[in-house]
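These are the residues of each chain, in order.
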Amino acid sequence: MLRREFLLGAAAALAASSPLEALAAEGPPLTSKAEFVAWMTANRPAEEPKYLERRWDRYQVLLSFNDLWTPADKRAFLLTPRQEFCLPENREDAYVGHYLDIGFGVTITPPGTMGRMTSAIQVHGDKVLEIGTGSGFQSGLLTYLTSRIHTIEIIPELAARTRGVYDRLIGAGYHEYGNIVTKSADGYYGWEDEAPFDKIIVTCGIDHIPPPLLQQLRPGGIMVIPVGPPGAQHILKVVKKTNDGGELSVSRSDIFGGKVIPFVPLSGGHQSEG
């Protein structure tokens, strides 16, 4: 019953005291579409069955491409109402496998890419920084894996609109979105006042790893970031390590095995530096 009460937002005190990652550990069934839809309609009355069915179908595609790695990652995807983060005219396409326009010259990234990026940073209650709030879907996924999320969006109007999406969902009983702390600023410079972070996820492309973000990543922490020329990035998993002597090092690996993944460029004042 406690899980059901939390999901319905029956008690704010319960929401504050229950680990949000437990939702992704104990949430909806993972092996049956009918059981998933039934569980969600019982525990999330605001969800429409047609979107739940489409979410399940896209979930099956993500599984086939190994984009979701753990049961917690899988349930996080199944719990997140992606249609709520799309423009009204794109709601019917919320679960397609390509980019969707969200205005202001930016897009919402395909579900598979966001699923694998989420899996790659291995969130288990960690303090997470997201660079590029965008539609809000990425932080939405993270709410089922941690209650400590900070996200930065450089476009003030988009930041305000997405904050409004979170607040509307909170009002509808999705109290987990109250754990997302938002700010409109240049994400290249991170969020120094809230550093260090255990995990950092960058959802816009850049041709190098921003030094401020690396500095704000805790030793042992993981960053996932699209790096490369405009429209031709590779998504790197960056691990900040400390050896026995206290010396720092950084390892890099490509989470898509060398596949080019296009991202909207990370914009900001840093582009005029040097």
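Caption draft 1: How the structure looks around the pairing of strand 1 (residues 100-103). Sheet topology note: the strand 1/strand 2 (residues 106-108) ladder contains 3 bridges and is antiparallel. Bridge pairing in strand 2 links Asp-101 to Thr-107. Hairpin connection of strand 1 to strand 2: 2 residues between the antiparallel strands, including Phe-104 at a positive phi of 60°.

Caption draft 2: Inspection of helix 9 (residues 156-171) at higher detail. End to end, helix 9 covers 23 Å across 16 residues, agreeing with the expected 22 Å (1.5 Å per residue, within 8%). When helix 9 is considered as a whole, its buried residues turn out to be Leu-158, Ala-159, Thr-162, Arg-163, Val-165, Tyr-166 and Leu-169. Along helix 9, the residues classed as buried sweep out an arc of 150° about the axis, all on the same side. The exposed residues of helix 9 that point more than 90 degrees off its buried face are Ala-160 and Gly-171.

Caption draft 3: Broad picture of the pattern of salt bridges. Enumeration according to the criterion identifies 13 salt bridges in this entry. Ionic pairing is found between Lys-199 and Asp-126, a salt bridge with its closest N-O pair at 2.9 Å. In this pair, Lys-199 is assigned in strand 6 (residues 197-202) and Asp-126 in the loop between helix 7 (111-120) and strand 3 (127-131), connecting sequence segments 73 residues apart. For the pair Lys-199 and Asp-126, a shared accessibility class is recorded, and that class is buried. Taken together, the salt bridges that share partners define one network made up of Lys-50, Arg-54 and Glu-92.

Caption draft 4: Just the side chain of Arg-44, in detail. Among the structural elements, Arg-44 can be located in the loop between helix 4 (33-43) and helix 5 (49-64). Judged by relative accessible area, which is 2%, Arg-44 ranks as buried. Looking at Arg-44, its side chain comes within polar contact range of the side chain of Tyr-144, at 3.0 Å.

Caption draft 5: Spatial organisation of the nonpolar core. Core analysis: the biggest nonpolar cluster contains 53 residues, and Phe-77, Ile-121, Tyr-177 and Ile-235 have the highest contact counts within it. In contact with Tyr-177, not counting residues within four places along its chain, are Thr-80, Pro-81, Phe-85, Gly-140, Thr-143, Tyr-144, Arg-163, Tyr-166, Leu-169 and Ile-170. Ile-206, Met-223, Val-227 and Leu-236 belong to the second-largest nonpolar core, a separate cluster that totals 19 residues.

Caption draft 6: Examining the environment of Gly-190 more closely. Relative to the helices and strands, Gly-190 resides in the loop between strand 5 (180-184) and strand 6. You can call Gly-190 buried: its relative accessible area is 7%. Spatially, the C-alpha atom of Gly-190 lies 8.0 Å from that of Leu-129, the residues being 61 residues apart in sequence. Gly-190 has contacts with Leu-129, Ile-131, Ile-152, Lys-183, Leu-213 and Gln-216, leaving out every residue within four places of it along the chain.

Caption draft 7: How the structure looks around the sheet that holds strand 6. Pairing is mixed across the open sheet formed by 7 strands, whose spatial order is 5-4-3-6-7-8-9. Among the strands making up the open sheet, the edge pair consists of strand 5 and strand 9 (248-254). On average, each strand axis in the sheet is tilted by 15° relative to the strand beside it, whichever way the strands run. Across 7 bridges, the pairing between strand 8 (residues 234-242) and strand 9 is antiparallel. Note on strand 9: the bridge partner recorded for Val-239 is Ser-251. On top of the sheet, helix 9 reaches strand 4 (148-153) and strand 5; it is set at about 160° to strand 5, its chief contact.

Cut-offs and rules
Residues numbered from 1 in each chain as written. Predicted model: local features only at pLDDT ≥ 70, side-chain atom pairs only at ≥ 80, totals over all residues. Heavy atoms only, no water. Pairing = 2+ DSSP bridges. Helix = DSSP H or I, 4+ residues; strand = E, 2+ residues; numbered from the N terminus. Expected span 1.5 Å × (residues − 1). Buried < 20%, exposed > 50% of the residue type's maximum accessible area, 1.4 Å probe, protein only. Arc of directions from axis to C-beta. Salt bridge = Lys/Arg side-chain N within 4 Å of Asp/Glu carboxyl O. Polar contact = N/O pair within 3.5 Å; in protein donor to acceptor, adjacent residues only side chain to side chain. Core = buried A, V, L, I, M, F, W, Y, C linked by side-chain atoms within 4.5 Å. Contact = heavy atoms within 4.5 Å. Axes fitted to C-alpha atoms, helices over the stretch in contact; angles between N-to-C directions.

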